[in-house]
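Residue strings, one per chain:
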Amino acid sequence: MKHPTEETRGLIRSGTVIRSALVTGLAIVTTGALLMAACAEPPAPAEGPVGVLTIATPADPDALIPPIVASLQGKQAVDLLFDMLARPTGTIETVGDGGFAPQLASGWRWASDSLSIAFTIDSTARWHDGRPVRAEDVAFSFALYTDPVVASPHAGAFAGIDSVTVRDSLTAVVWWARRHPEQFFQVAYNLAIMPAHLLAPLPRATLAQSDFARQPVGSGRYRFGAWTRGQALMFDADTCNYRGAPHIARIVWSITPDAAAASLRVLAGEADMLEAIRLDAYAQATATKGLTLAPYHSLDYAYLAFNFAAHDPRRRDLFTSHPLRVALSASLDRPALVQNVLGELGMVALGPFTRAVPEADTSVAQIAYDTTAADRTLDSLGWARGANGMRAKNGQPLRFEVILPASSATRQRFATLMQAQFRARGIDMQVAALEPAQFFARVGKGDFDTALNMWHADPSPMAVRDVWGSPRGGDVGGNFGRYHNAAVDAVFDTAATTFDPARRRALFRRAFAAIVRDAPAIWLYEPRNMALLRMRVHPTVLRADAWWAGIPDWRVDAPETDGS
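This section reports on the structure supplied with the text.

The next point concerns unusual backbone geometry. Of note, the phi angle at Ala151 is positive, near 55°, even though the residue is not glycine. Positive phi values are uncommon outside glycine, yet Arg482 reaches one of about 55°. Mapped onto the elements, Arg482 comes out in the loop between helix H14 (464-468) and helix H15 (486-495). By relative accessible area, Arg482 is classed as partly exposed at 24%.

So this is what it looks like as structure tokens:
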């Protein structure tokens with residue numbers, strides 16, 4: 001999954017609004033009772049699930065059907081409702097199947113030519129309505145993700161998969177036209193399995209308006225409870241789940257107007273958790289009794305993207321000059337920027353990757369902050385200072401615009417400080433803070449000089465090619481600046497067919513180093529994520545790609561044992 005993201009973990013792209021009827025507490029109990037009646041011999045722990053975990057979040061999910069989810073809040077929800085065929089066991093290794101353990105599939109077998117994988121569905125797996133999960137559900141789910149009528153934003157994740165067939169009721173076979181290193185990862189990590197018996201009869205063009213969208217049925221260790229838009233989303237423990245009941249009885253996402261309000265709910269004891277504390281609440285959080293901070297890695301990085309095909313003819317060729325891009329990079333004191341804006345909650349970005357991925361190279365050579373070198377280069381390029389100290393060439397000022405979403409206070413602060421540092425070098429950077437929808441529209445169309453963007457990376461390093469590889473045909477993917485580097489493309493192409501993990505990692509590091517040298521962007525910051533938790537909450541490891549994945553194995557203490 002690849003997409004731009006916000007610090008507030010809000011909508012990633014325009015999602016369909018699903019109208020949700022108010023569900024009363026009585027309705028929740030009644031629905032739960034009916035579903036519980038369908039259970040047989042629940043494998044719940046002797047004491048059963050206990051407690052409630054309340055998560056403060058600054059936005060509603062955009063949807064609760066996996067193929068149409070386009071927000072991180074929606075992803076958090078559907079990952080607890082629906083199962084994948086297999087699950088990552090730790091740091092995600094995308095080559096082969098060694099980094100995965102069974103989930104909905106109890107096992108799998110590769111064909112001798114590696115062009116297909118046969119997944120055996122756990123015979124005890126059940127949908128939350130009591131119906132058994134079958135291989136036809138796997139084939140149906142693949143068809144749903146890849147149907148152009150559904151227009152899933154995740155359809156591209158399945159490129160290269162030829163088909164999914166049903167060998168028998170418990171065996172689904174995934175077929176590829178050609179081998180590649182990430183075959184298993186491609187299907188196991190991306191394909192959420194959905195109930196064909198409930199979704200197949202529905203018109204695919206209107207899934208977001210269906211009854212299923214309001215009351216989804218999955219096979220995960222949590223089942224849908226209720227959703228009151230703008231207020232709360234509730235899931236209840238599936239006490240008869242085939243993988244065992246979760247430890248916490250109920251999960252509640254408490255919807256707040258913004259990230260600041262979400263922080264206040266945890267600080268005031270009205271919620272148990274916030275996924276990432278902001279700097280403005282950090283000091284109070286560390287000083288508040290009963291709270292703790294849990295650090296975890298990030299897959300987000302922010303960068304100033306240069307547009308190599310700017311619409312404005314006066315700046316169309318400005319960023320095609322490599323010496324100019326290097327001089328602009330050398331003009332910014334990135335460590336000072338990060339320290340000023342994010343303090344302990346940020347690190348200087350190193351390139352088109354984060355420190356969380358196995359391919360990260362923390363020793364990659366950076367373009368150093370060097371104002372003397374920057375001035376020398378700008379002078380040599382003919383950008384001379386005028387009486388006002390600002391630079392111009394042939395009567396044209398060294399001026400460009402940066403666009404950023406007005407919803408991001410962090411990026412606005414970065415832009416203000418960058419503007420001052422550029423101005424000290426005689427460079428006029430003008431700041432345009434736009435409404436998020438307008439920002440994403442302009443970025444997608446390439447209608448900008450520079451853009452202060454944040455990217456949420458896919459665990460697969462191959463996704464980097466979609467952002468920093470040359471555009472293919474009319475599809476720019478995430479390469480909003482239309483950057484082109486044939487040498488980098490060649491390394492990506494070689495890595496795409498390399499099965500040896502060590503050699504593949506070395507290839508990606510070579511590509512990263514080449515991109516950093518070429519400076520198609522200025523790498524600004526990588527958030528240092530810290531979840532804010534009440535001490536009554538006992539989480540498992542928080543994964544960089546999905547901190548919420550382990551929630552079924554978390555525990556919460558009874559209120560009287562809370563340290564607050």
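Once that is clear, we can look at the pairing of strand E14 (residues 300-306). With seven of its seven residues buried, E14 lies for the most part within the structure. Taking every second residue as pointing to the same face, both faces of E14 are buried, with Asp300, Ala302, Leu304 and Phe306 on one and Tyr301, Tyr303 and Ala305 on the other. The pairing of E14 with strand E21 (residues 450-456) spans seven bridges and is classified as antiparallel. Note that in E21 the partner of Leu304 across the bridge is Leu452. Two elements, E14 and strand E22 (residues 521-527), share four bridges in a ladder whose sense is antiparallel. Each bridged residue has a counterpart across the sheet, and for Ala302 the counterpart in E22 is Tyr525.

Working definition: the strands of a sheet are paired by backbone hydrogen bonds and lie parallel or antiparallel to each other. Here four strands make up an open sheet; going across it, the order is E5-E6-E8-E7 and the pairing antiparallel. Among the strands making up the open sheet, the edge pair consists of strand E5 (105-110) and strand E7 (161-168). Sheet twist, expressed as the mean angle between neighbouring strand axes with direction ignored, is 20°. In this sheet, strand E8 (residues 171-176) lies alongside strand E6 (residues 116-121) in antiparallel orientation, the contact comprising five bridges. Looking across to E8, one finds that Phe119 is bridged to Ala172. Here helix H3 (residues 135-146) sits on the sheet in contact with E6, E7 and E8, set at roughly 160° to E7. Taken strand by strand, helix H4 (residues 183-190) contacts E5, E6, E7 and E8, and its axis lies near 130° from that of E8.

Let us look at empty space enclosed by the protein. Under the definition given, this model contains seven cavities of 30 Å³ or more. Its volume calculated, the largest cavity comes out at about 120 Å³. Together, 16 residues line the largest cavity, and Pro352, Ala457, Asp458, Ser460 and Val464 are the ones closest to its centre. Across the lining of the largest cavity, the residue classes break down as twelve nonpolar, two polar and two charged.

Definitions and limits used
- Within any chain, residue numbers begin from 1 and follow the written order of that chain's sequence.
- Reporting in this predicted model follows two pLDDT cut-offs: at least 70 for local features of residues, and 80 or more for side-chain atom pairs to be given and counted; totals over whole chains, interfaces and linings ignore these cut-offs and use all residues.
- With hydrogens and water excluded, all non-hydrogen atoms of the structure serve as input to the side-chain values.
- Helix and strand assignments come from DSSP, with helices taken as H or I runs of at least 4 residues and strands as E runs of at least 2, each series counted from the N terminus.
- Per-residue accessibility, obtained with a 1.4 Å probe over protein chains only, is compared with the maximum for each type, and a residue is labelled buried under 20%, exposed over 50%, and partly exposed between these values.
- Strand pairing follows a simple DSSP-based rule, namely that at least 2 bridges must link the two strands.
- Here an axis means a line fitted to C-alpha atoms, over the contact stretch when the element is a helix, while the angle between two N-to-C directions is reported on a 0 to 180 degree scale.
- We call two residues in contact when some of their heavy atoms are within 4.5 Å.
- Cavity means a closed set of points on a 1 Å grid over the protein atoms alone, one where a 1.4 Å probe fits but cannot get out, pocket means an open set with protein on both sides within 12 Å along at least 5 of 7 lines, and lining means a residue has an atom within 4 Å of a point.
- Grid points are joined across faces, edges and corners, and a volume is the space filled by probe spheres set on the points.
- Residue polarity follows a fixed list, in which Ala, Val, Leu, Ile, Met, Phe, Trp, Tyr, Cys and Pro are nonpolar, Asp, Glu, Lys and Arg are charged, and the others, Gly among them, are polar.

Purely spatial values, then, with no claim about function.
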